[in-house]
Amino acid sequence: MKFGGTSVRTKEARALAALKVVSAKEQGFSPVVVVSAIGRRGEPYATDTLINLVREVDPTIAPDDRELDLIMSCGEVLSSVIFAQTLRALGHPSMSLRGGQAGIRTDGIYGSARILGVNPIGVIEVLKRGSIPVVCGFQGVWVQGGLPGAELTTLGRGGSDTTASALGAALRANAVEIFTDVDGVKTADPDFVPGAPTLRRVAYDEVAEIAHLGAKVLHPRAAEIAMRFQIPLWVKSTFTDDPGTEIVSKEGLPPRRMTGVSHTGKLVYIQVDLDDVVPHHRKAFEARVYEALAQFGINLFMINMSPDSIGFAVSREQFPEVQDMFDALVLPVDESGKTIYLIQSGEEASRAFSTQLKLLSALGNTQVIKLRITEGCTMVSVVGQSTMQQPGLFYKVLSALTEAQIAVLQTSDSDYSLSCLIPESELRRAVSLLHSLFSLDQAS
Amino acid sequence: MDFTLESGDRPDELAGQPFRKALSDPEQDLPPQVETEFEKARGIHLVEQRTGLSRVHVVNLAEPLMASRLNVLKMVAEAKVSIDFLKFTPDGITFIVSDTHTSTVEACLKALDVEHSILRDRSVVLAHAANLRDEEGLIAQLVSEAIDSVQEIDHLGDMHDRLLFVVKASHAPELTARIKERFMEKIL
């Protein structure tokens, strides 16, 4: 049973959460609890607040990832101790455990460690003593860290969901229940579609897809682990007795129509027209553009390539770095040295670009390639289990958006989804429109 | 507390061993084993090929461009042909169809009288990685490597867990081998 930040935020919320645990115990189960840090962004013990304590020491010096992991993990430690005490106050012995004590072993990538193995003998030992284990979510240990004792690592976004799913799988649990502040997986963000219904049963792949494409109710890693180990997964509300959403294998479900509409990301779309690149230089030009992006560790979305252009989206967070990288970048793709390609990354030429252009002009023909940049984009997606191969789906989605005068800049698709890059200002309308288009208000 | 279970505080060989070896009571009804590789490893974990595809590229569509794109998609939809990996280009669209539907699509495009090219006998090479879009620079690195390794990439697309390259069928084995060689050994 995993309780998220809002479920452990106040004394009252913790009491409600603890009662869910007690109820499970009284029904004959052996509950194992996983908790997130208390509260959300900006609140005293939330993860972001703890990170800021370190960053504020000197904003010009980036904290070490290892140190950040140590301080971030404190939120879950506080939360687990307080939750265990809440259970004790209700008359049920309980013991808090750090991620490492619960047997969660990870790789050594601080800040986004992946779970390599789980050996939950600590959890089992606590259960054997008749206590309820309360495990810190979001953390594990890297055993080969080099220092005495194991190195603490954190699992990255959605880490507590991942902890719960992994522990559930290792313990061969009857079910993993993710408690949050909504009553299950909905067909769309209720902030955008207030009447969006809660899905009662969905497949692991559907929920993983919808989560990858932006739905925040459950982290996709948790769904993927549960799917791999075939552990029934539930998403429920801490604050109601609603049955929630059961996530199971798709074999147990009737063939499904559309599952939902999700949205994600503040993105910037970048296009490079190749008209001004000499045809026999294009291949090398493209390769060097991507090589530069790789060297800067830039993450790409909605990548595309045609004979006359290349394009990709980047997160708004990474965009300044991308723009800096491209500004006045010289691409040495002509082995004869006769043509030099120089990139202009903004509407106006920067001082660096102007200087570079002047210096290069003495060497030969300098061809300026200007990037076309569209800021303020986001991605809206329709997700379905078996409908993506239906003829006409692209036409249906794109014609509806176009009719509503919502510009679509690019698309991408997978076995379970179709995504469109649109202006962020149109997101609310787009989500609502696609929700209606597929009659998702009737979904269950 | 008389026990400590921090992984680093006990012999490493315990990690990854069956529970029964670690517990005092072997008769307990407990999970039979601990899984290693609990989550998919970082980086590319699988490269596969799918054959029997054609790439369709429609160019120089009339303005308004989106309306012209939709005309093409409508015609193809009415012909009951499923398309994949649709991408917008500056003056048209590209997409992939199964070889079995290529002639139907070609007939649609001729009926619409739009400029187009069709590359038959294409394969898609799919590089799978968990949370691909979150792996710093991995997509760009793969694309750069792929461009350098085969004569021509005809089409590209990305999903959260896969990057796909459409290439001439005869080039697909070479690209598959190159990606495996360069990326699959990098798994941490």
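Since the model is a prediction, treat every value here as computed from it, not as a measurement.

Analysis parameters
Residues numbered from 1 in each chain as written. Chains lettered and ligands numbered in written order. Predicted model: local features only at pLDDT ≥ 70, side-chain atom pairs only at ≥ 80, totals over all residues. Heavy atoms only, no water. Helix = DSSP H or I, 4+ residues; strand = E, 2+ residues; numbered from the N terminus. Buried < 20%, exposed > 50% of the residue type's maximum accessible area, 1.4 Å probe, protein only. Contact = heavy atoms within 4.5 Å. Areas by Shrake-Rupley, 256 points an atom, 1.4 Å probe, with all protein chains shown as cover. Lys, Arg positive; Asp, Glu negative; His and termini not counted. Charge placed at Lys NZ, Arg CZ, Asp CG, Glu CD. Axes fitted to C-alpha atoms, helices over the stretch in contact; angles between N-to-C directions. Parallel < 35°, antiparallel > 145°, perpendicular 65-115°, else oblique. Left-handed = near helix turned anticlockwise from the far one by under 90°. Nonpolar A, V, L, I, M, F, W, Y, C, P; charged D, E, K, R; others polar. Pairing = 2+ DSSP bridges. Phe/Tyr/Trp six-rings, centres within 6.5 Å; stacked < 30°, edge-to-face > 60°. Lys NZ or Arg CZ within 6 Å of the ring centre and 35° of its normal. Expected span 1.5 Å × (residues − 1). Polar contact = N/O pair within 3.5 Å; in protein donor to acceptor, adjacent residues only side chain to side chain. pLDDT = per-residue confidence, 0-100. Patch = residues over 30% accessible without salt bridge, like charges linked within 9 Å, V, L, I, M, F, W, Y side chains within 5 Å. Salt bridge = Lys/Arg side-chain N within 4 Å of Asp/Glu carboxyl O. Core = buried A, V, L, I, M, F, W, Y, C linked by side-chain atoms within 4.5 Å. Arc of directions from axis to C-beta.

Notes on the overall build of chain A
- The helix and strand inventory of chain A stands at twelve helices and 21 strands.
- The principal-axis extents of the C-alpha atoms in chain A amount to approximately 80 × 55 × 35 Å.
- The buried share of chain A, reckoned over its 444 residues, is 58%.
- Contacts spanning at least 24 positions in sequence make up 72% of the contacts within chain A whose residues lie at least 6 apart.
- A total of about 17800 Å² of accessible surface is found on chain A, and carbon and sulfur atoms cover 53% of it.
- Distance between charge centroids for chain A: 6 Å, based on 41 positive and 49 negative side chains.

A few points about the overall build of chain B
- Scanning chain B from N- to C-terminus turns up five helices and six strands.
- Reading chain B from its N terminus to its C terminus gives the helix and strand order α-β-α-β-β-α-β-α-β-β-α.
- Expressed as a percentage of the 188 residues in chain B, the buried residues total 54%.
- Approximately 8400 Å² of chain B is accessible, and the part contributed by carbon and sulfur atoms is 46%.

Here we look at the packing of helix α2 (residues 65–78) of chain B against helix α3 (residues 102–112) of chain B
Residues and elements named next belong to chain B.
- The interhelical angle for the contact between α2 and α3, taken along N-to-C directions, is 135°, at an axis separation of 9 Å. The angle between α2 and α3 places the two elements in the oblique class. Note on packing geometry: the crossing formed by α2 with α3 is right-handed. Taken together, the residues of α3 that come into contact with α2 (itself represented by N71, V72, M75 and V76) are V105, C108, L109, A111 and L112.
- Residue composition of the contact of α2 with α3, by class: eight nonpolar, one polar and no charged.

With respect to the sheet that holds strand β9 (residues 176–180) of chain A
All names here are of chain A.
- The sheet built from eight strands is open, its strands ordered β3-β6-β2-β1-β9-β11-β12-β10 with mixed pairing. Lying at the two open borders of the sheet, with one neighbouring strand each, are β3 (94–97) and β10 (201–203).
- Against the sheet, helix α6 (residues 204–212) touches β10 and β12 (245–248), its axis set at about 80° to β10.

Details of the packing of aromatic side chains
- Tallying each qualifying case throughout the model produces five aromatic pairs over all chains.
- A centroid spacing of 6.2 Å and a plane angle of 85° characterise the contact between Y110 of chain A and W142 of chain A, whose relative ring orientation is edge-to-face. Here Y110 of chain A is found in the loop between β4 (104–106) and β5 (115–118), whereas its partner W142 of chain A is found in strand β7 (residues 139–142), with 32 residues between them in sequence.
- Its relative accessible area of 23% is what places W142 of chain A among the partly exposed residues.
- Looking at K236 of chain A, its charged tip hangs above the ring of W234 of chain A, at a distance of 5.0 Å from the centre.
- Here the basic side chain of R69 of chain B rests over the ring of F88 of chain B, its NZ or CZ set 4.2 Å away from the ring centre.

Details of helix α3 (residues 65–89) of chain A
All names here are of chain A.
- For α3, spanning 25 residues, the distance from its first C-alpha to its last is 37 Å, which sits close to the expected 36 Å at 1.5 Å a residue.
- The backbone nitrogen of R66 lies 2.9 Å from a side-chain oxygen of the residue at the head of α3, namely D64.
- Count one or two residues on from α3 and you reach G91, which has phi positive near 95°.

Concerning the confidence of the model for chain B
Residues and elements named next belong to chain B.
- Scored by pLDDT, chain B comes out at a mean of 81, with 78% of its residues at no less than 70.
- Across chain B, the secondary-structure element scoring lowest on mean pLDDT is helix α1 (residues 19–22), at 31, and the one scoring highest is α3, at 97.
- Contacts for the low-pLDDT stretch residues 1–36, under 50 throughout, to residues beyond four places or in other chains number 72 contacts.
- Scored by ipTM, the complex comes to 0.84, with pTM at 0.85.

Let's talk about a nonpolar patch on the surface
- On the surface, a nonpolar cluster with roughly 340 Å² of combined accessible area is contributed by L16, L19, L90 and F239 of chain A.
- Its relative accessible area of 38% is what places L90 of chain A among the partly exposed residues.

Quick word on the packing of α6 of chain A against helix α7 (residues 220–229) of chain A
Residue and element names in this part refer to chain A.
- Following both chains from N to C, one finds α6 and α7 inclined at 165°, their axes separated by 8 Å at the closest point. Here α7 runs roughly antiparallel to α6, going by the angle between their axes. Our pair here, α6 against α7, has a crossing hand that is left-handed. Along the contact surface, α6 presents Y204, D205, V207, A208, A211 and H212, while α7 presents P220, A223, E224, A226 and M227.
- Taken together, the residues of the contact of α6 with α7 sort by class into eight nonpolar, one polar and two charged.

Focus on the pattern of salt bridges
- One pass over the structure, following the stated rule, counts 29 salt bridges over all chains.
- A salt bridge links E135 of chain B to R114 of chain A, with the shortest nitrogen-to-oxygen separation between them at 2.8 Å. One end of the pair, E135 of chain B, is in the loop between β4 (115–129) and α4 (138–149); the other, R114 of chain A, is in the loop between β4 and β5, on a second chain.
- Among the residues examined, E135 of chain B registers a relative accessible area of 15% and is labelled buried.
- Of the charged contacts in the structure, one is a salt bridge between D242 of chain A and R200 of chain A, with a shortest N-O distance of 3.0 Å. Taken together, the positions of D242 of chain A in the loop between β11 (233–237) and β12 and R200 of chain A in the loop between β9 and β10 put the pair 42 residues apart, joining distant regions of the chain.

Structural notes on the environment of H219 of chain A
All names here are of chain A.
- Inspection of the secondary structure assignment puts H219 in the loop between α6 and α7.
- Given the relative accessible area of 15%, H219 is considered buried.
- For H219 and I298, which are 79 residues apart along the polypeptide, the C-alpha to C-alpha distance reads 22 Å.
- For H219, the residues in contact, after removing those within four places along its chain, are R157, G158, D161, T162 and A211.

Some thoughts on the side chain of R162 of chain B
- Counting through the fold element by element, R162 of chain B comes out in strand β6 (residues 162–168).
- Polar side-chain contacts of R162 of chain B include one of 3.3 Å to the side chain of D161 of chain B.

Points about the nonpolar core
- Membership of the largest hydrophobic core comes to 96 residues, with the highest contact counts inside it found for L167, L218 and L398 of chain A.
- Sorting elements by how many residues they give to this core places α2 of chain B first, with six residues.
- Dropping the residues within four chain positions of it, L398 of chain A is found in contact with V408, T411 and C420 of chain A together with M66, L70, L73, L86 and F88 of chain B.
- By size, the runner-up hydrophobic cluster in this structure holds 53 residues, among which are I298 and L329 of chain A together with A127 and L156 of chain B.

Focus on the sheet that holds strand β17 (residues 339–344) of chain A
Residues and elements named next belong to chain A.
- The mixed open sheet is built from three strands, whose spatial order is β16-β17-β18. In this open sheet, the two edge strands, each paired with only one partner strand, are β16 (330–331) and β18 (365–370).
- Sheet analysis places β16 next to β17, joined by two bridges and oriented antiparallel. Each bridged residue has a counterpart across the sheet, and for V330 the counterpart in β17 is L342.

Looking at helix α5 (residues 172–183) of chain B
All names here are of chain B.
- An ideal rise of 1.5 Å per residue puts 16 Å on twelve residues; α5 measures up with 16 Å between its terminal C-alpha atoms.
- All of the buried residues in α5 are A172, L175, T176, I179 and F183. On an axial view of α5, the arc spanned by its buried residues comes to 100°, and they lie on one face.
- On its buried face, α5 is in contact with β1 (44–59), β4, α4 and β6.

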